[in-house]
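Single-letter residue listing:
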Amino acid sequence: MALSEEFRKWKQQCLNKTDFSKKGSVDADIAELVQYLNAHDHFFTTSSCSGRIILIDTQCSESLEVQKQNCSWLFVTHEKCKKDEVVAALQNAYGDAVLKFEAFVLHVQCQRLEDAQILAVRSTHCLEVPLSKKGRLMVNDEYIDYIVQIANQKMEENKHRIDRFYSCLQSALSVTDCVSGTAVEFQKTGPVYTRRRKKNKETRSCKPLSSDDSESDVELQTGLMFFSETH
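About the cut-offs
- Per chain, the residues get numbers from 1 upward, laid out in the order the sequence is written.
- Per-residue local features are limited, in this predicted model, to residues with pLDDT of at least 70; the limit for side-chain atom pairs, both in listing and counting, is 80 or more; totals at the level of whole chains, interfaces and linings are taken over all residues.
- Only hydrogens and water are set aside when side-chain values are computed; all heavy atoms of the structure are taken into account.
- The way it works is that DSSP assigns letters per residue, a run of H or I at least four long becomes a helix, a run of E at least two long becomes a strand, and they are numbered from the N terminus.
- Classification of residues uses two cut-offs on accessible area relative to the type maximum, computed with a 1.4 Å probe and protein chains only: under 20% is buried, over 50% is exposed, and between them is partly exposed.
- All accessible areas in this document rest on Shrake-Rupley with a 1.4 Å probe, and a residue is counted as covered only by the protein chains that are shown.
- This count recognises Lys and Arg as positive and Asp and Glu as negative, with His and chain-terminal groups excluded.
- Salt bridge, as applied in this entry: a Lys or Arg side-chain nitrogen positioned within 4 Å of an Asp or Glu carboxyl oxygen.
- Under the rule applied, a polar contact is a pair of N or O atoms within 3.5 Å (in protein, one hydrogen donor and one hydrogen acceptor; residues adjacent in sequence only if both atoms are side-chain atoms).
- The contact criterion used throughout is that any non-hydrogen atoms of two residues lie within 4.5 Å.
- DSSP bridges decide pairing: two strands pair if at least two such bridges lie between them.
- Nonpolar cores are built from buried Ala, Val, Leu, Ile, Met, Phe, Trp, Tyr and Cys residues. Side-chain atoms within 4.5 Å join them into one set.
- Note that the arc is computed from the directions linking the helix axis to the C-beta atoms.
- To obtain each axis, a line is fitted to C-alpha atoms, and for helices this fit is confined to the stretch in contact; angles are then taken between N-to-C directions over 0 to 180 degrees.

Asker: Could you clarify how one ought to interpret the overall build of the chain in this entry?
Answerer: Along the chain, the regular secondary structure elements total seven helices and 10 strands. Every one of the 231 residues in the chain was classed for burial, and the buried ones make up 43%. Working note: accessible area of the chain is about 13,600 Å², and carbon and sulfur atoms make up 49% of it.

Asker: Help me understand the side chain of K11 in this model?
Answerer: By secondary structure assignment, the location of K11 is in helix α1 (residues 3-15). The charged side chain of K11 is buried without a salt bridge, its nearest counter-charge being D41 at 5.5 Å. From its side chain, K11 meets the backbone oxygen of N38 in a polar contact 2.6 Å long. Only 3.1 Å separates the side chain of K11 from the backbone oxygen of F43, close enough to count as a polar contact. Not counting residues within four places of it along the chain, the set of residues in contact with K11 comprises N38, A39, H40, D41, F43 and F44.

Asker: Is there a simple way to explain the pairing of strand β4 (residues 96-102) in this structure?
Answerer: Regular strands place their side chains on alternate faces of the sheet. Buried residues dominate β4, accounting for seven of its seven residues. The alternating pattern of β4 places D96, V98, K100 and E102 and A97, L99 and F101 on opposite faces, both of which are buried. Where strand β2 (residues 52-58) lies against β4, seven bridges are found, and the strand directions are antiparallel. The residue of β4 that forms the bridge with R52 is E102. Pairing analysis gives five bridges linking β4 to strand β6 (residues 126-130), with the strands arranged antiparallel. When the sheet's bridge partners are listed, V98 is paired in β6 with P130.

Asker: When you look at the nonpolar core in this model, what are you seeing that I'm missing?
Answerer: Taken as a class, soluble globular proteins show a tendency for nonpolar side chains to be buried jointly. Grouped together as the largest cluster of nonpolar side chains are 23 residues, with contacts concentrated most on I53, L55, V86, L90, L99, L127 and L131. Counting residues per element, the ones that place at least two in this core are β2, β3 (72-77), α4 (83-90), β4, β6 and α6 (141-179). The leading source of residues in this core is α6, at six residues. The next biggest cluster of nonpolar side chains, apart from the first, holds 19 residues, and it includes V34, Y166, A172 and L173.

Asker: In this structure, what is going on with α4? I would like to understand it.
Answerer: An α-helix turns once every 3.6 residues. As a result, residues three or four positions apart point the same way. Of all the residues in α4, the buried ones are V86, A89 and L90. Viewed end-on, α4 has its buried residues packed into an arc of 105 degrees, placing them on one side of the element.

Asker: Whenever I open this one, the sheet that holds β4 confuses me. Can you help?
Answerer: Paired through their backbone hydrogen bonds, the strands of a sheet run either parallel or antiparallel. Pairing is antiparallel across the open sheet formed by four strands, whose spatial order is β3-β2-β4-β6. In this open sheet, the two strands that pair with only one neighbour each are β3 and β6. Going from strand to strand, the sheet's axes swing by 15 degrees on average, the running direction of each strand aside. Both β2 and β3 contribute to a ladder of five bridges, which runs antiparallel. Within β3, the position partnered with I54 by the bridge is V76.

What is shown is where atoms sit, not what they do.
If you want it as structure tokens, here you go:
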């Protein structure tokens, strides 16, 4: 079986599987981005998250692996949060409660190595702050308010980065399509977007990204984001 045909069948099987994430669906803020990637022949997404503010409670242990196994979610949102929501969730903490902001995550399966090289950006846009130890709150109300404000600012910036990333991705893949002499049209067939190729008579108008382009454009020319977190 040809590699492209094998990849196509693998893609179809993966996209038709049940979403086993806690939410059970793609987050609204990245739904269009996910659909755009899945519409391309050489890519499909395996997991994603638009970014989240989460309060977790870990059992006291010297082992990081044991902490991960005994971790419970006290609160999670993919939008901005309120201090009162965090304070209320802290009442249920029995171990070490940690407030975290995690930037948007996108896992992408690529058909070929050269396809993967189009996509590869990493981010340090995150936050992780311990708030309680063995169920005892270690900070005051004013500090919680301060941390929530920072987390919300990061969530707002995260949404801007999603938009910028999506725009740069479209530019990068448009250049790739032009170089291959094709134009792309999208048509939804069930849960999967497929694309039809047609001869592009304006290939000459497409050019590679240059040093005069924006910084994020240049980053995407060398490569898309592969992140380590799942939804």
